[in-house]
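# Report on the structure
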Amino acid sequence: MDPARALKTVAEFGARALSSTPLPELLDTGAQLAREVTESQYAVFFERSPGGDALLMRAGGGWRPGVIGRVSLSTGAGSFGRYVLQQPSRLVGALPSHPDFGVPAVLREHAVESMACVRLDGLVHPLGTLALFNLRDEPGPDALIFLQAIGNVVATAILRQVTEEGLLQSQIRLQSVQKMEAIGRLAGGIAHDFNNLVQAIGGYTEILLRHLTEGDPLRRNAEEIKKAGDRAAALTRQLLAFSRQQVLQPSVLDLNGVVHHVEQLLIRLIGADIHLRTYLSEELWPIKADAVQLEQVLMNLAVNARDAMHGGGVLTIETANVELTRSIDGEAFVVVAGPYVLLAVTDTGAGMNAETKARAFEPFFTTKPPGQGTGLGLSMVYGIVKQSGGYIWVDSELGAGTRIRIYLPRADSAAGHPAPIAPALEALPPVPPPAHGSETLLLVEDEAGVRELIHEWLAGHGYTVHAAEDGVQALDVAERLDALDLLVADVVMPTMGGPALAKRLLQSRPDLKVIFVSGYADEAIGDRRMLEDGAAFLQKPFTLDDLLRKVREVLGEQAPPSRAPGEPR
Ligand SMILES: Nc1ncnc2c1ncn2[C@@H]1O[C@H](COP(=O)(O)OP(=O)(O)OP(=O)(O)O)[C@@H](O)[C@H]1O
Ligand SMILES: [Mg+2]
């Protein structure tokens, strides 16, 4: 081997690797150059398979056609593959009679006699081995050093490519996260504004309906308005759920319980042609989530599955404990390692094509005919899962069914025992009719439509209502009042928001009860302390009966003129 030529070759090959030569080409060139300079008969880059159980003859020269890119060798005990992977760098003579391994057929067929090999180390596992066979001169240390130099260049190029691919992946991931965030903000903003409108439409229609007798010809019209308003309210709630603006009421619970709880409902939902199978893992870890919202998740997924299985099929719901020992690189996000409870919902339906799969969580994305889907089902599921700190995945292929996997973080066991699941939806006791009252209320709401509506409604049920547009005006009004039992305030208002107002009023009226009203979860959560201190919360849009009930609930039993101190709020 000519040392000057060897040096020059390494320098040139290094320069090539630094330019943007594609990796397969670089591997080929490296193996060829090594072969030429060392005057060997054969050169090969053995690539280690991802699992490490094989070495693929990835690039090289001198071999008969059909070897490179095709033949792979085992790395099992006593194999040649195992041997070379264990050697950082090695010269081997008299290969056929080596005591540590049998010579693989492909090498015997090429009558290999001697070998020089160097291992290319990656960050965790070896990337593979660069090897030369049948060096013309007695294999000497120089050839090995040269091979090592070429190998280092190859290894660096491979690692660089892996890193670049990783970067690209995370860029794509970031873009998709940013897209969902942007849509979420937009949807949240729309929902927020809609809330006030829906609130006013629904509320005034309720009032209208009370004034119209059964036989009134206008009654049907008002009922239609009410129905449309209810649908709008449902849509708004779904949007809020997607944008994670919904107020969740999480508790530590057993996911299996949630599944059991909706099972009968799901069976009815999917119809007789579809079989429901449940595989619920025993001793499931507790999770912290909102049970009602999780039921919504299951129902949405079941309806989607049903719609995808026209000719019938099987819907499978599974739960399991999963300990993720390392973070998972998803297409759209990274799942942090840790203990999770898995909820998987699988159908044998039509599946999704790549575009549908990529856009399935987008609000208003639907492939269903107009009137049959709003495209908010999965959006809502996504929002609920994210707001609960979980992850969601879609595995689906056209014609091969769909599997939705949801990972919810295991709840801290110190947080308490799983709460029993509330009685089934249908079995809830009838809600008592909202009661009248005679207490004095201060209503603070900046939206004139909503303010007048609530004012009229509460006054119509016996309460003495004083209204204000914002916190500052409310302080003024309160100043002139002797009795004040309850403050009903929007959370966010210009000049002074609900929580700040409540704080001020509570200083001089420690017995004052408080109900906050808001369309945003964040607003409530932003002042969680106030809420945890016992202030009640009502999320828009609410029905007027909801409001009456809440008012009564917060004020306690029918109006005793003064309350004993320390009475629970
Ligand atoms: N299990 C499934 N199998 C096949 N396609 C599905 C499945 N689940 C969702 N999809 C696809 O994703 C789209 C969006 O689903 P999503 O639940 O958000 O809206 P939708 O079902 O169309 O309408 P909505 O749920 O608001 O009534 C669906 O239109 C459908 O194309
Ligand atoms: Mg749906």
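Residues numbered from 1 in each chain as written. Chains lettered and ligands numbered in written order. Predicted model: local features only at pLDDT ≥ 70, side-chain atom pairs only at ≥ 80, totals over all residues. Heavy atoms only, no water.

## Comments concerning the environment of valine 71
Under the convention used in this document: A run of H or I in DSSP counts as a helix once it spans at least four residues, and a run of E counts as a strand once it spans at least two, with each numbered from the N terminus. Contact definition: two residues touch when any of their heavy atoms are within 4.5 Å.
Mapped onto the elements, valine 71 comes out in the loop between strand E2 (54–61) and strand E3 (72–74). For the pair valine 71 and phenylalanine 46, spaced 25 residues apart in sequence, the C-alpha separation works out to 9.8 Å. Beyond its immediate sequence surroundings of up to four residues, valine 71 is in contact with Leu55, Leu56, Met57, Gly66 and Val106.

## Topic: the site of ligand 1
Where we set the bar: For each residue, the test is whether any non-hydrogen atom lies within 4 Å of the molecule or strand; if one does, the residue is near. Each polar contact in these results corresponds to two N or O atoms within 3.5 Å; when the atoms are within protein, one needs to be able to donate a hydrogen and the other to accept it, and residues that are neighboring in sequence are counted only if both atoms are side-chain atoms. For the area figures, the Shrake-Rupley method with a 1.4 Å probe applies, and any residue is considered shielded solely by the protein chains shown.
Neighbouring ligand 1 are 19 residues, the closest being Asp347, Thr366, Thr367, Lys368 and Thr374. One of the backbone N or O atoms of leucine 376 is found 2.9 Å from an oxygen atom in ligand 1. Threonine 402 is positioned with one of its side-chain polar atoms (N or O) 3.2 Å from a nitrogen atom of ligand 1. For ligand 1, the protein covers 90% of the area, taking 590 Å² as the surface of the free molecule. Of all elements in the fold, only helix H8 (291–308) and helix H10 (377–387) reach the threshold of two or more residues within the shell around ligand 1.

## Some details on the confidence of the model for the protein chain
The cut-off we apply is this: A residue's pLDDT is the predictor's confidence in that residue, given on a scale from 0 to 100.
This prediction gives the protein chain a mean pLDDT of 85; 88% of its residues lie at or above 70. The low-confidence segment residues 419–430 (pLDDT under 50) makes 18 contacts with residues lying over four places distant or belonging to another chain. Confidence over residues 523–530 falls short of pLDDT 50; this stretch has 13 contacts with residues more than four positions distant or in other chains.

## Re the nonpolar core
Where we set the bar: What is meant by a nonpolar core is a set of buried Ala, Val, Leu, Ile, Met, Phe, Trp, Tyr and Cys residues, joined one to another through side-chain atoms within 4.5 Å. Relative accessible area decides the class of each residue, using a 1.4 Å probe on protein chains only: under 20% of the type maximum gives buried, over 50% gives exposed, and in between gives partly exposed. All the domain ranges listed were derived from an automatic or database domain assignment.
Core analysis: the biggest nonpolar cluster contains 50 residues, and Leu315 and Ile406 have the highest contact counts within it. Counting residues per element, this core draws most heavily on H8, which supplies eight residues. Mapped onto the domain boundaries, this core takes at least three residues apiece from domain 2 (169–242) and domain 3 (251–427). Setting aside residues up to four positions removed in sequence, leucine 315 forms contacts with Ile270, Ile274, His275, Leu276, Arg277, Ala302, Ala305, Met309, Val345 and Thr346. Among the nonpolar cores identified, the runner-up in size contains 29 residues, and Phe45, Phe146, Leu147 and Val154 belong to it.

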